[in-house]
Amino acid sequence: MSRAKQFKDLMLAPELLVVPSAYDALSAKVIEQAGFPAVHMTGSGTSAAMLGLPDLGFATITEMAWNAKNICLAVDLPVIMDIDAGYGNAMNTWRCVREFERAGIVGGHLEDQVVPKRCGHLEGKRLISAREMIGKIEAAVEARTDPDWVLIARTDAREKLGLDEAIRRANEYVAAGADCIFLEAMLTVDEMKRVRDEVDAPLLANMVEGGKTPWLTTHELEKLGYNLAIYPLSGWYAATSILRKVFAALRDEGTTQDFWDRNDMRMTFDELFEVFDYSRISELESRFVVRDGDGVS
């Protein structure tokens with residue numbers, strides 16, 4: 001079974017598929033070791049971690065593919081990703097799906113914003129026409145080589161055009177070949193229920209701390225009938241928060257000696273290295289690496 005088929009089966013199962021978001025290979029390893037069945041590569045987190053820039057369309061296809069490849073190599077789980085607005089027109093979308101699939105990605109969400117896009121929970125988003133988005137969806141479907149590669153169509157129409165238009169677009173995108181719908185920035189639970197009632201496709205819920213959509217538990221999302229939940233902010237939000245605190249402690253106290261115990265977050269040196277499989281890599285090194293001076297001819 002391909003990883004794409006594995007992910008699609010998980011998405012279509014009766015239980016909600018909870019997919020935390022990684023911004024790099026190390027965060028993906030932590031997600032895998034926490035026991036989750038899949039990983040989502042966040043676009044906002046990639047832009048923040050790789051470029052130090054906000055989610056305003058700065059990252060390129062090449063930069064996203066490089067990060068995707070590293071994440072896919074780091075874990076033995078299916079990985080989906082944010083493919084923004086396809087990085088241009090339908091042919092750019094065609095190219096990016098080819099790039100990302102070859103990097104190991106098994107699916108991604110494509111949005112109907114004008115390029116360069118904006119984070120779905122920021123103001124000032126601009127939309128392309130539904131007709132242009134349908135062309136991008138059809139190009140993405142044509143580009144994938146694994147028929148189980150999951151194309152998630154995202155619409156940001158709720159903010160400017162209203163929920164009726166967002167739902168209308170969602171159903172058009174399903175008819176064009178999308179496997180799942182991501183209706184961004186719903187404002188209430190009643191709106192979320194209505195989308196579930198009126199869109200005949202698997203649905204993705206985007207859980208953003210402090211965002212526009214109600215911040216629900218996994219149990220609540222499953223009860224509403226959503227199929228998939230991503231958490232694009234959680235990982236790099238947590239990392240940034242801890243980094244600010246630990247480096248403030250170093251600045252103010254001249255050491256980090258007490259910081260970890262004081263905040264009940266101590267991890268041993270060995271535990272840290274085992275996050276990225278040091279003992280297994282070390283065993284492989286001892287089997288395969290021949291060093292000069294070992295007396296081996």
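What you are looking at is a predicted structure, and each value in this text was computed from that prediction instead of being measured.

Novice: Describe the overall build of the protein chain, with residues and values.
Specialist: Of the regular secondary structure elements, the protein chain holds 14 helices and 8 strands. Its C-alpha atoms give the protein chain a radius of gyration of 21 Å, near enough to 19 Å, the size a compact globule of 297 residues would have. Seen along its three principal axes, the alpha-carbon backbone of the protein chain occupies a region of about 70 × 50 × 35 Å. Long-range pairs, those at least 24 residues apart, make up 69% of the contacts in the protein chain between residues at least 6 apart in sequence.

Novice: Which residues make up the state of the cysteines, and what are the values?
Specialist: As enumerated under the stated definition, the model contains 0 disulfides in all. Distance from the sulfur of C96, which forms no disulfide, to the nearest cysteine sulfur (C72) is 14 Å. Residue C180 stays outside any disulfide, its sulfur separated by 17 Å from that of C96, the closest cysteine.

Novice: Please provide a residue-by-residue account of the packing of helix α6 (residues 130-143) against helix α8 (residues 163-176), values included.
Specialist: The contact between α6 and α8 brings their axes to 9 Å, and the two run at 30 degrees. In terms of orientation, α6 and α8 fall into the roughly parallel class. Our pair here, α6 against α8, has a crossing hand that is right-handed. Two secondary-structure elements touch here, α6 through A130, M133, I134, I137 and E138 and α8 through R168, R169, E172, Y173 and A176. Its residues assigned to classes, the contact of α6 with α8 shows 6 nonpolar, no polar and 4 charged.

Novice: Report on helix α11 (residues 234-253), specifying residues and quantitative values.
Specialist: The first and last C-alpha atoms of α11 sit 28 Å apart over 20 residues, in line with the 28 Å expected at 1.5 Å per residue. In the segment just after α11, G254 is the residue with positive phi, at about 80 degrees.

Novice: Quick rundown of the packing of aromatic side chains? Include the residues and the values.
Specialist: Two aromatic rings, taken as a pair, are described by how far apart their centres are and by the angle between their planes. Counted by the stated rule, this structure contains 5 aromatic pairs. Measuring from ring centre to ring centre gives 4.9 Å for F259 and W260, while their planes differ by 85 degrees; the resulting arrangement is edge-to-face. Taking relative accessible area as the criterion, F259 reaches 3% and is therefore assigned buried. W260 gets classed as partly exposed once you look at its relative accessible area, which sits at 27%.

Novice: Let's hear about α6: which residues, and what values?
Specialist: The end-to-end C-alpha distance of α6, which contains 14 residues, comes to 20 Å, matching closely the 20 Å that a straight helix rising 1.5 Å per residue would cover. Along α6, the residues that are buried comprise A130, M133, I134, K136, I137, A139, A140 and A143. Of the surrounding elements, those touching the buried residues of α6 are α5 (90-102), β4 (107-111), β5 (150-155) and α8.

Novice: So what's going on with the nonpolar core? Which residues, and what values?
Specialist: Residues F100, Y173, V195, L221 and Y226 are the most contacted members of the largest nonpolar core, which totals 61 residues. With 7 residues, the top contributor of residues to this core is helix α4 (residues 61-74). Ignoring sequence-local partners within four residues, the contact set of Y173 consists of D112, A130, M133, I134, I137, A153, R154, T155, A178 and I181. In terms of nonpolar packing, the next biggest core, distinct from the first, is built from 15 residues, A4, L17, A38 and V106 among them.

Novice: Outline the pairing of β5, listing residues and values.
Specialist: Each regular strand shows side chains that alternate between the opposite faces of the sheet. With respect to burial, β5 is a largely interior element, 6 of its 6 residues being buried. Neither face of β5 is open: one carries V150, I152 and R154, the other L151, A153 and T155, and all of them are buried. Summarising the sheet, β4 and β5 pair through 5 bridges and their orientation is parallel. Residue pairing for β5: L110 is matched across the bridge by A153. The pairing of β5 with strand β6 (residues 180-183) spans 4 bridges and is classified as parallel.

Novice: How would you explain the pattern of salt bridges if you had to name every residue and give the values?
Specialist: A pair can form between side chains of opposite charge whenever their charged atoms are brought close. Per the counting criterion, the structure on display carries 23 salt bridges. Between D9 and K5 there is a salt bridge; the shortest N-O distance is 2.9 Å. On the criterion of helical spacing, the pair formed by D9 and K5 is a turn pair, its members being 4 residues apart in helix α1 (residues 3-12). By relative accessible area, D9 is classed as partly exposed at 32%. Connected via shared salt-bridge partners are E111, K125, R154, D156, E159 and E184.

Calculation criteria
- Residues numbered from 1 in each chain as written.
- Predicted model: local features only at pLDDT ≥ 70, side-chain atom pairs only at ≥ 80, totals over all residues.
- Heavy atoms only, no water.
- Helix = DSSP H or I, 4+ residues; strand = E, 2+ residues; numbered from the N terminus.
- Rg over C-alpha atoms; globule rule 2.2 N^0.38 Å.
- Contact = heavy atoms within 4.5 Å.
- Disulfide = S-S within 2.5 Å.
- Axes fitted to C-alpha atoms, helices over the stretch in contact; angles between N-to-C directions.
- Parallel < 35°, antiparallel > 145°, perpendicular 65-115°, else oblique.
- Left-handed = near helix turned anticlockwise from the far one by under 90°.
- Nonpolar A, V, L, I, M, F, W, Y, C, P; charged D, E, K, R; others polar.
- Expected span 1.5 Å × (residues − 1).
- Phe/Tyr/Trp six-rings, centres within 6.5 Å; stacked < 30°, edge-to-face > 60°.
- Buried < 20%, exposed > 50% of the residue type's maximum accessible area, 1.4 Å probe, protein only.
- Core = buried A, V, L, I, M, F, W, Y, C linked by side-chain atoms within 4.5 Å.
- Pairing = 2+ DSSP bridges.
- Salt bridge = Lys/Arg side-chain N within 4 Å of Asp/Glu carboxyl O.

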